[in-house]
Every structure is written in structure tokens, then in C-alpha cells.
Amino acid sequence: MVGRAGRLAAQTSPPGHLSVCQCLLECWLRPRERYQEPCMGTWGTGPFDSDLAADFLDELEGLTSQKVIEVLDRAFQRVTDSGARVDGGTGTEAVAAAALVASTIPGSRIVIDPDDGPREPLPQLPLALRSSAVLALQRVLQDGSELLTGWVDSADAAQWRHEVQQIAEALGPIDHEQ
């Protein structure tokens, strides 16, 4: 299954880079014993611009409101409980989850393109998720985060950092009294 990545088939990649669909096809064609690493595509700096983020959104599909809240909270908890090193996949899910939470705040500057966001509307989210999201984003932006150091292009790294900071700002300050 290619999920949302399948709609990227028409997009072209820079010379020398595989498109997401080419990458997925290679992963599928390679025998498991010869290919140990998962194939992942990232095509931009936004919170939903990767296969991992798209898979995270797909995980929300068809869930009850309570289960959606649990999945979002679990994404934040995996980052905040991760110790000194924040895994890139865990961080990617937390950034996507934080963008979703920020997009539900009335008057938020974080607006999710319908083609990128969940297929179903999000439920009413508890305020406590905002604090959890901010804490997770702080960890994603600290030393020891694979997402912070994994960019090849410094301009992409700066753009990604700016977008994550905008999400954190939209979530507001942490309210320790919640």
C-alpha cells in the first residue's frame, strides 16, 4: 500500500534523487533479506511533507474522538519520554500532531491544506494537548533530535525550524496549571 504517497507519482524529483513512488517501488521490489532499512520520502519542510507524517495521518482515519486524542497524546509522549535522543520518526509524528492541534485553535495561523490533513474533521481537543505539543516541539528542536540535524541543505533546515517554531507559537505558552 502506498497510501497518500501514491498521489505524488506525477511529481518530479531533482536529478539524482528518487521520487517517493520510485522509492516505494524499490522497497517493494527488494527482497527483505537484502534490504533492512525502511524507505522513506521527504519532499518538503512542512509538517506533513513526508511518508511518515502521511502514515501518521492515515492512522487517525476511522478512529473515535477519544482514540484520536489518545494517538495525538501518545505522539507527544514518545518524544518527551525519549531520553537524550529524539528519533526522526517519533519527531516527525509529533510535529504533524502538533500542527493538527494548532490548526484547531480559533484564529490560528496554522491552516492545514485539505489535501495534506486528515480526511475526517478533528474532534474537540482538550487544552492539555497544547502543553504536551509545545513540550514535544521543544524537544524536537533541541540537540539530540534527528530531525534537527538530518537536513542536507541548510536552507531547508532553517525553513523546517521556522515552520516548527510557528506551530509552537500558535500553540501558545505552556500553561502549567492545566
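Quick summary incoming for the structure in this document. Each chain has its residues counted from 1, running along the sequence as written. Local features are withheld for residues below a pLDDT of 70 in this predicted model, meaning they are given only at 70 or higher, and side-chain atom pairs are given and counted only at 80 or more; totals for whole chains, interfaces and linings count all residues. Side-chain measures were taken over the full set of non-hydrogen atoms in the model, leaving aside hydrogen atoms and water.

Scanning the chain from terminus to terminus reveals 7 helices and 0 strands. When the helices and strands of the chain are listed from N to C terminus, the series reads α-α-α-α-α-α-α. Accessibility here uses a 1.4 Å probe with only protein chains present; expressed as a share of the type maximum, an area under 20% marks a residue as buried, one over 50% as exposed, and anything in between as partly exposed. With 178 residues in all, the chain has 38% of them scored as buried. Accessible surface area values rest on a Shrake-Rupley calculation with a 1.4 Å probe, where residue burial reflects the displayed protein chains alone. When the accessible surface of the chain is summed, it comes to about 10,400 Å², and 52% of that surface belongs to carbon and sulfur atoms. A helix here means a DSSP run of H or I that spans at least four residues, while a strand means a run of E at least two residues long, and both kinds are numbered starting from the N terminus.

Relative to the elements of secondary structure, D49 occurs in the loop between α1 (20–29) and α2 (51–60). Whenever two N or O atoms come within 3.5 Å, that pair is a polar contact, provided that in protein one can donate a hydrogen and the other can accept it, and provided that, for residues adjacent in sequence, both atoms are side-chain atoms. Here T45 takes part through its backbone nitrogen, which lies 3.5 Å from a polar atom of the side chain of D49. From its side chain, D49 meets the backbone nitrogen of G46 in a polar contact 2.9 Å long. The contact rule is simple, with two residues in contact once any of their heavy atoms fall within 4.5 Å. In this view, D49 contacts G41, T42, W43 and G44; residues no more than four positions away in its chain are not counted.

Attention shifts here to the packing of helix α3 (residues 65–80) against helix α5 (residues 128–140). Each axis is a line fitted through C-alpha atoms, and for a helix only the stretch in contact is used; angles between axes span 0 to 180 degrees, taken between their N-to-C directions. Where α3 contacts α5, the two axes come as close as 8 Å, and the packing angle between them is 35°. The two elements α3 and α5 cross, and the hand of that crossing is left-handed. Note on element contacts: α5 touches α3 through L129, S132, A133, L135, A136, R139 and V140, opposite I69, L72, D73, F76, Q77, V79 and T80. Here the term charged refers only to Asp, Glu, Lys and Arg, the term nonpolar to Ala, Val, Leu, Ile, Met, Phe, Trp, Tyr, Cys and Pro, and the term polar to all other amino acids, Gly among them. When the residues that make up the contact of α3 with α5 are grouped by side-chain class, the tally is 9 nonpolar, 3 polar and 2 charged. Crossing handedness is defined as follows: a turn of the near helix away from the far one that is anticlockwise and smaller than a right angle gives a left-handed crossing, while the clockwise case is right-handed.

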